[in-house]
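This is what each chain is made of:
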Amino acid sequence: QAKASGKACYHFYNREMNLRATRRLEIERELRHALERNQLTLYYQPIVNAVTATLEGCEVLLRWQHPDRGLVSPAHFIPVAEETGLIVPIGEWVLRQACKQAQKWRTAGLGLNFISVNISANQLRGHSLVSLVRGALEESQLPPGALELELTEGSLLPNTLTARDVLEEIRAMGVRLVADDFGTGYSSLSYLKIFRFDKIKIDCQFVRDMLEDAGDAAIARATIAMAHAFDAKVVGEGVETPRQAEELARYGCDQLQGYLFDKPLPEPEFSQRLPGQRG
Ligand code: C2E
Ligand code: MG
Ligand code: MG
Ligand code: MG
């Protein structure tokens, strides 16, 4: 009997796997055309000052407006884009588009100090990121000091030495480097020494249970203290309640981001939130 159920399980597992593989191939095939079909779009999530709650900047988050599937979350297609290398042309589009948009807001007199763009591991292979960043800044006329790049530990570890050189060169232009999802990897402390970050983002997993879980609170506080010791600013991610915001501010966190302030928003809605916007 055990054998029979084991077999059933095996069949089920197989079917699941096939289904997943098929779906994945489908996503891959469709993602290849998403850019040229104008299905990719950028959303912007406010990042606010932790003390005054005034808007300082935003994170740029990619969305796929699929004709049948609706709005596809990056959790579903970014991993496929990374494995297939499609993230390189897509990431290039994101950065150039985001810089252009940010400069539009600036010239319209809308107060926004920075935009923050996510960068993945594949984009850090070789040295092409340097010329991409330089080009995106030049063509948009966005000042380098208004651009931040978010990197995760996962994106830095596969090619640490190249990544360090590439990022130092970009940082020398005046672009700020941000450690994203801090604390979720395995060697966060040593990589703070190798890379010079201007900002560290406390991952939402620590913020979520911070008020109930003393361990998560300790990690949040230690991250803030350590970031400041490195002369870096700190952002609390995934802030959903006023109490989380107050507690992070009390710990000395500099900036906050989360549904409490706003979800990621498409362009027209986001720019209506910007200070300086009339009407
Ligand atoms: P991330 O860079 O850590 O981005 C933060 C994620 O947290 C976003 O998910 C955002 O919508 C979500 N979030 C914001 N506030 C809250 C909150 O209060 N509660 C909760 N539970 N979540 C919140 P999103 O937009 O689904 O993006 C997921 C991930 O996809 C990002 O994580 C990033 O790693 C990746 N990603 C998004 N856009 C890009 C891109 O243009 N390029 C690359 N390489 N990766 C991207
Ligand atoms: Mg990010
Ligand atoms: Mg993050
Ligand atoms: Mg994340």
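In the block above lies the structure referred to throughout.
Residues numbered from 1 in each chain as written. Chains lettered and ligands numbered in written order. Predicted model: local features only at pLDDT ≥ 70, side-chain atom pairs only at ≥ 80, totals over all residues. Heavy atoms only, no water.

Caption draft 1: View of the packing of aromatic side chains. Under the definition given, this model contains seven aromatic pairs. Measuring from centroid to centroid gives 5.4 Å for Tyr191 and Phe197, while their planes differ by 70°, and the two rings are edge-to-face. Under the relative-accessibility criterion, Tyr191 is labelled buried at 2%. Phe197 sits in the buried class, given a relative accessible area of 6%. Through a chain of ring-to-ring contacts, three or more aromatic side chains come together here, namely Tyr44, Trp105 and Phe270. Above the ring of Phe114, the side-chain terminus of Lys199 is found at 3.8 Å from the ring centroid. (Phe/Tyr/Trp six-rings, centres within 6.5 Å; stacked < 30°, edge-to-face > 60°. Buried < 20%, exposed > 50% of the residue type's maximum accessible area, 1.4 Å probe, protein only. Lys NZ or Arg CZ within 6 Å of the ring centre and 35° of its normal.)

Caption draft 2: Summary view of helix H2 (residues 74-84). Taken together, the buried positions of H2 are occupied by Phe77, Val80 and Ala81. Angularly, the buried residues of H2 cover 100° about the axis, an arc narrow enough to put them on a single face. Turned more than 90 degrees away from the buried face of H2 sit Ala75 and Glu83, all of them exposed. Where H2 begins, the capping side chain belongs to Ser73, and its oxygen is found 3.0 Å from the backbone nitrogen of Ala75. Positive backbone phi, at 85°, marks Gly85, one or two positions downstream of H2. (Helix = DSSP H or I, 4+ residues; strand = E, 2+ residues; numbered from the N terminus. Arc of directions from axis to C-beta. Polar contact = N/O pair within 3.5 Å; in protein donor to acceptor, adjacent residues only side chain to side chain.)

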